[in-house]
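Commentary on secondary and tertiary structure
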Amino acid sequence: MVVFIFCRSVEVTPIHKRVVLLCVIILFIVFLFQKETPITISGFKDSIRGFEDTAPQQKVLAQEVVICTQNMYRLGAKNFAVKKQLQSLLDRMLKAKCDIIAVQEIPKEKSGQAHHVLSQVSRELSKRRGLSVHQGFSFIIADSNDSYITNAVLYRSSLARVLLVEHWANDALPRLWKNARRYSYARGPLAILFQLKTGHRIFLVNDHFKSKSNAYKDRSDTSYELMRIASAMGIRKKIFRYQSSGESEIIEVFLGDRNTGKNGASALILSGKRGLDDFKPGGNCRVSHKGRAQCDMGSLQNTFSGEFYEEKGRSKMVPLLEFSNEKNLVSLYTYKRGRKKSILDEIYMSPEDLWAVKDRVGRYRVGTEGTMRQGSDHLLTWVKLSLESGL
């Protein structure tokens, strides 16, 4: 305003033409800076210890969220075309319309390598989705006990805000029995609490269990299944801390690469079909050389059934791909070795929250995307949630 008064006080003569022109330019600049400039959070650098966004969020009546998990097959660290691998992985994420993506096997051998890889993925994914900088994908990288790979989560910034970030890599795992070996997480679970615009909260945990490679080195002769059991117990204990808080609007989701099939002992532990006591000396089950649970035929909950998972109870976690195969009469898998197909990459939710996964005719909206060996040796797994505000 001061500039405008000054300009009007100047008599426009040939001598003052330059002054008038300068005033016009200044007015234009002032006009631009009076416009509202958006304040955004665009991405994270390396590992984040904790973050809480206290900015007000306008509540919406309904929201759909697609949550995915993908083993990235050490993107950028293998001896083949990085661009081709990246495009194959992006094609999967785009086809599934992923909003939140738990990723495993992000290379971290070199300093800043994980951040560089995820920056490239989030940038390309945002670009191909047609999202602006403040609407696009950000990421959080987990702490990891593995010198070569780590876990991370990508999420669409405009979809939800982050309330809490936890890194569990250094947490002590429960002993399987007295005087048993104390195991540690192979990599490190990453836990994030998201706040959606409907008012719902999603507590998401992403991990990558120890694989069966070099099984001959495992002194327990279970292909490292005891280590995976300990990891499963540690994660269940943490998740139930939120389940017991009594907040009904918190939806707990565990997902990632569990590196064991549906009959693996750790898979039964995760779902709640078996407890730790079942695998202790004198219990109803034992772990085979290949990591499978071998239980007495007459023991409780010996077989998988949809009825078990549909029973209400926060102590249970439903493996959605396995459950969908049974209920939707399909045959989904995420990993193939030779002719053998298995589900290694799974998404778990509580039976209390399955209402968000069903479509109008009662089918479970769960699936896989990708072609085996194109981009990764694991397929992408996804689940679609439909949430409505209580207002």
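Just above sits the structure.
Since the structure is predicted, the reported quantities are computational estimates derived from the model, not experimental observations.

What follows covers the state of the cysteines. Throughout this description, disulfide means a covalent bond between two cysteine sulfur atoms. One pass over the full model with this rule turns up two disulfides. In this model, C68 is linked to C98 through a disulfide, with the two sulfur atoms separated by 2.1 Å. Of note, the bridge from C68 to C98 carries an S-S torsion of about -100 degrees and is left-handed in sense. Of this pair, C68 sits in strand β1 (residues 62–71) while C98 sits in the loop between α3 (82–96) and β2 (100–107), and the two are 30 residues apart along the sequence. According to the relative accessible area criterion, C68 is buried, its value standing at 0%. Residue class for C98 comes out buried when judged on its relative accessible area of 1%. Residue pairing for C285: its cysteine sulfur links by disulfide to C295, the two sulfurs lying 2.1 Å apart.

A few words on the sheet that holds β2. Spatially, β3-β4-β2-β1-β16-β15 is the arrangement adopted by the six strands of the open sheet, whose pairing is mixed. Since the sheet does not close on itself, it has two edges, and those belong to β3 (137–141) and β15 (366–369), each with one partner. Strand-to-strand twist in this sheet, taken as the mean axis angle between neighbours without regard to direction, amounts to 25 degrees. Of the strand pairs in this sheet, β1 and strand β16 (residues 380–388) are connected by eight bridges, and their pairing is antiparallel.

Quick look at empty space enclosed by the protein now. Tallied over the entire structure, the rule returns one cavity of 30 Å³ or more. A volume near 30 Å³ is recorded for the largest cavity. Contributing to the lining of the largest cavity are R236, I239, F254, L270, M317 and Y348.

Here the focus is the nonpolar core. By size, the foremost hydrophobic cluster in this structure holds 37 residues, and its most contacted members are I67, I100, F194, I202 and L385. With four residues, strand β6 (residues 190–196) is the single largest residue contributor to this core. Among all residues touching F194, those that are not within four sequence positions of it are I100, V153, Y155, A160, R161, V162, H200, R201, I202 and L204.

A word on the pairing of β6. The buried fraction of β6 amounts to seven of the seven residues, a majority that puts the element mostly inside the structure. Taking every second residue as pointing to the same face, both faces of β6 are buried, with L190, I192, F194 and L196 on one and A191, L193 and Q195 on the other. Where strand β5 (residues 160–167) and β6 come together, seven bridges link them in antiparallel fashion. Counted as the bridge partner of H167 is L190 from β6. With six bridges connecting them, β6 and strand β7 (residues 201–208) associate as antiparallel partners. From the neighbouring strand, F194 faces β7, where its bridge partner is I202. Hairpin connection of β6 to β7: four residues between the antiparallel strands, including G199 at a positive phi of 100 degrees.

About the criteria used
Each chain has its residues counted from 1, following the order in which its sequence is written. Per-residue local features of the predicted model are confined to residues with pLDDT of at least 70, and side-chain atom pairs are confined, for both listing and counting, to 80 or more; whole-chain, interface and lining totals are unaffected and use all residues. Heavy atoms from the whole structure form the basis of all side-chain values; hydrogens and water molecules are not counted. Note on disulfides: each one is a pair of cysteine sulfur atoms within 2.5 Å. Segments assigned H or I by DSSP are reported as helices when at least four residues long, segments assigned E as strands when at least two residues long, and all are numbered from the N terminus. Three labels apply to residues, based on accessible area from a 1.4 Å probe with only protein chains included: buried if under 20% of the type maximum, exposed if over 50%, partly exposed otherwise in between. Here, strands pair whenever DSSP counts at least two bridges between them. Lines fitted to the C-alpha atoms define the axes, with helices restricted to the stretch that makes contact. Angles between their N-to-C directions range from 0 to 180 degrees. Whether a set of points on the 1 Å grid over the protein atoms alone is a cavity depends on a 1.4 Å probe fitting there but being unable to get out, while an open set qualifies as a pocket with protein on both sides within 12 Å along at least five of seven lines; lining residues are those with an atom within 4 Å of a point. Grid points are joined across faces, edges and corners, and a volume is the space filled by probe spheres set on the points. Nonpolar core, defined: a set of buried Ala, Val, Leu, Ile, Met, Phe, Trp, Tyr and Cys residues in which side-chain atoms within 4.5 Å join the residues together. Two residues form a contact once any of their heavy atoms are found within 4.5 Å.

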